[in-house]
Amino acid sequence: MNDHVRMNVHLIGGQNAGWFEGKTVLLLQLSSIICGSVLVLLLCAYGYILWDKHAARRRVVVQAKWLHEFNAEGEGSALRNYFDTGELDSALLNMSGDQQAVLQGILLQRLSQGPREMELARIRFLSWRVFESSYRTRLGSRKWSVRVNTLLYVEQFHMIELLPKLEDILRSASCTPLERFIILRMYARTGYMRVLKELLRKDTLLSDSQYLQILLPLTDEMWLKLMEHFKELSYQVQCTFIDALRIRDEQTDNAISLLEALILGGDAELRTRSLQALAHVEKKDKRLLRQLLLVWNEQGDERPRSERLVVARLMGSIREEAFVPLLKRLMGDPSFQIRQEAANSLARYEQAVEELRYTASEHPDKYARQIAEETLERKQYGRKMD
């Protein structure tokens, strides 16, 4: 027992009683061990923070140095020479991790500037030669953030050579919806046919916006095949497919035939979206569409609000004489938005003033009379302004 312990035993030992009696030395030793351990842990944490800061500063210095060399003008820059001549120097293929990080940033910056076709091809080739190995390793990482960031790099550099590797990720049970979305979007952009099989799956758990980003860049060949298998798609993909068809402004015979068939279908959501898509198609067969809308009219009052609204708008763009009674009826719709849309559509007809006056005075529904008066006043005011 050293002097320090003896002194503490002398000071507090005499006051102990019960279980603590005779165990003062043991308690002091345990307290010393705990305090010493905490002190060591604090020193280790402090040392780690200092080392991490030093390493970060060193990486910044090294990256700044390589960034300067990569962007340097003249014969001394291997990267500059590669972009000018296409000759790949061995210095670009044997890089450390910090050098690769700098090169990755430079190539991404060039991609964001919209390079020409030749430069774009060289960027993709160089990124494949330099990053292929490290990207393969990162794609197998257990960290979700590492895998996702790597997938985004693979997509930006258009690494089609890694597409088979991405299939392994899709088959993995640990593949998250975001990873699946990035992979399918890359499949679509690169024309990889596997995307069709994935779109036919019923359990991909993607959002409408994500499906839209996958469908829009599909090639014409993929688009046609997907249209042929429309009935096999999940309901969510079917709805998004019609929206994509409208955004892409598809005016092929197959696309128009599909839309016209869906208008006569039993699903209100598909009918509404198809009508919205057809309203933007220039080549639509107005005579056929007129017949379809007249058929729709037989059960129009029972159709959902969104569908009645689209039909009212479509009748204004087609402007067929047979639609006038239907528009007048829609002007008495319970929804104010539909009444207004129907009145606006009717105002686009040649005989609009006469029809609006008649509706304002003779229509049995008071709301139809009100909206007709408002539309008529607005139309007459517009004529005065002209």
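Quick caveat: nothing in here was measured; it's all calculated off a predicted structure.

Here is what the cut-offs are and how they apply
Residues numbered from 1 in each chain as written. Predicted model: local features only at pLDDT ≥ 70, side-chain atom pairs only at ≥ 80, totals over all residues. Heavy atoms only, no water. Helix = DSSP H or I, 4+ residues; strand = E, 2+ residues; numbered from the N terminus. Buried < 20%, exposed > 50% of the residue type's maximum accessible area, 1.4 Å probe, protein only. Contact = heavy atoms within 4.5 Å. Areas by Shrake-Rupley, 256 points an atom, 1.4 Å probe, with all protein chains shown as cover. Phe/Tyr/Trp six-rings, centres within 6.5 Å; stacked < 30°, edge-to-face > 60°. Lys, Arg positive; Asp, Glu negative; His and termini not counted. Salt bridge = Lys/Arg side-chain N within 4 Å of Asp/Glu carboxyl O. Arc of directions from axis to C-beta. Axes fitted to C-alpha atoms, helices over the stretch in contact; angles between N-to-C directions. Parallel < 35°, antiparallel > 145°, perpendicular 65-115°, else oblique. Nonpolar A, V, L, I, M, F, W, Y, C, P; charged D, E, K, R; others polar. pLDDT = per-residue confidence, 0-100. Patch = residues over 30% accessible without salt bridge, like charges linked within 9 Å, V, L, I, M, F, W, Y side chains within 5 Å.

A word on the overall build of the protein
Reasoning step 1: In terms of helices and strands, the protein carries 21 helices and 0 strands.
Reasoning step 2: Counting across all 386 residues of the protein, residues that qualify as buried make up 40%.
Reasoning step 3: Of the contacts formed within the protein by residues at least 6 apart in sequence, a portion of 63% connects residues at least 24 apart.
Reasoning step 4: For the protein, the exposed surface amounts to about 22,400 Å²; the carbon and sulfur share of it is 53%.

Structural notes on the packing of aromatic side chains
Reasoning step 1: Counted under the stated rule, the structure contains 8 aromatic pairs.
Reasoning step 2: Note on Tyr 82 and Phe 83: the rings are 5.7 Å apart at their centroids and 55° apart in plane angle, and the pair reads as tilted. Of the two residues, Tyr 82 and Phe 83, both sit in the buried class.
Reasoning step 3: Taking the centre distance of 4.6 Å and the plane angle of 20° together, the rings of Trp 223 and Phe 241 count as stacked. With Trp 223 in helix H12 (residues 220–228) and Phe 241 in helix H13 (residues 235–247), the pair connects residues that are 18 residues apart, well separated along the chain. This pair shows no difference in class: Trp 223 is buried, exactly as Phe 241 is.

Examining the side chain of Arg 122
Reasoning step 1: As for its position among the elements, Arg 122 is in helix H6 (residues 117–139).
Reasoning step 2: The buried charged residue Arg 122 lacks any salt bridge, with Asp 84 as its nearest oppositely charged partner at 6.5 Å.
Reasoning step 3: Once you skip the residues sitting within four places of it in the chain, Arg 122 turns out to touch Tyr 82, Phe 83, Asp 84, Thr 85 and Gly 86.

Here's the deal with the pattern of salt bridges
Oppositely charged side chains can pair when the atoms bearing their charge come close.
Reasoning step 1: Tallied over the entire structure, the rule returns 20 salt bridges.
Reasoning step 2: A salt bridge links Asp 220 to Arg 248; the nearest nitrogen and oxygen atoms lie 3.5 Å apart. Of this pair, Asp 220 sits in helix H12 while Arg 248 sits in the loop between H13 and helix H14 (253–263), and the two are 28 residues apart along the sequence.
Reasoning step 3: Residues Asp 243 and Arg 246 are paired through a salt bridge, measuring 3.8 Å at the closest nitrogen-oxygen approach. With Asp 243 and Arg 246 both in helix H13, this residue pair falls 3 residues apart, about one helical turn.
Reasoning step 4: The buried category is assigned to Asp 243, whose relative accessible area is 15%.
Reasoning step 5: Beyond isolated ion pairs, a larger network of salt bridges with shared partners links Glu 167, Asp 168, Arg 171, Arg 180, Arg 194, Glu 198 and Arg 201.

Brief notes about helix H3 (residues 78–85)
In an α-helix there are 3.6 residues to a turn, and that puts residues three or four apart on one side.
Reasoning step 1: Those residues of H3 lying buried are Leu 79, Tyr 82 and Phe 83. The arc that holds every buried residue of H3, seen down its axis, measures 95°, which confines them to one face.
Reasoning step 2: As for H3, its buried residues are in contact with helix H2 (24–70), helix H4 (90–93), helix H5 (97–112) and H6.

Focus: the packing of helix H7 (residues 144–156) against helix H9 (residues 177–190)
Reasoning step 1: Their axes nearest at 10 Å, the elements H7 and H9 cross at an angle of 10°. With respect to their mutual orientation, H7 and H9 come out roughly parallel. When H7 is examined against H9, the residues Trp 144, Arg 147, Val 148, Leu 151, Leu 152, Val 154 and Glu 155 are found in contact with a partner set consisting of Leu 178, Glu 179, Ile 182, Ile 183, Arg 185, Met 186 and Arg 189.
Reasoning step 2: Its residues assigned to classes, the contact of H7 with H9 shows 9 nonpolar, no polar and 5 charged.

Digging into helix H20 (residues 352–362)
Reasoning step 1: Restricting attention to buried positions, one finds in H20 the residues Ala 352, Val 353, Glu 355, Leu 356, Thr 359 and Ala 360. Across the axial projection of H20, the buried residues extend over an arc of 165°, all falling on one side. In H20, the exposed residues that point more than 90 degrees away from the buried face are Glu 354 and Tyr 358.

Re the environment of Leu 278
Reasoning step 1: By the secondary structure assignment, Leu 278 is in helix H15 (residues 268–278).
Reasoning step 2: Here Leu 278 falls in the buried class, since its relative accessible area comes to 0%.
Reasoning step 3: Placed 32 residues apart in sequence, Leu 278 and Arg 246 show a C-alpha to C-alpha distance of 7.6 Å.

What to know about the confidence of the model for the protein
Reasoning step 1: Averaged over all residues, the pLDDT of the protein is 84; the fraction at 70 or higher stands at 87%.
Reasoning step 2: Taken element by element, the protein is modelled with least confidence in helix H1 (residues 3–12), mean pLDDT 57, and with most confidence in H7, mean pLDDT 94.

Topic: a nonpolar patch on the surface
Reasoning step 1: Judged by side-chain polarity, Leu 26, Leu 27, Leu 30 and Ile 33 come together as a nonpolar surface patch covering roughly 350 Å² of accessible area.
Reasoning step 2: Following the sequence through the fold, Leu 30 ends up in helix H2.
Reasoning step 3: A relative accessible area of 44% means that Leu 30 is categorised as partly exposed.

Details of unusual backbone geometry
Reasoning step 1: Notably, His 158 is not glycine yet its phi reads approximately 55°, a positive angle.
Reasoning step 2: Unusually for a residue other than glycine, Asp 249 sits at a positive phi of about 60°.
Reasoning step 3: Tracing the sequence through the fold places Asp 249 in the loop between H13 and H14.

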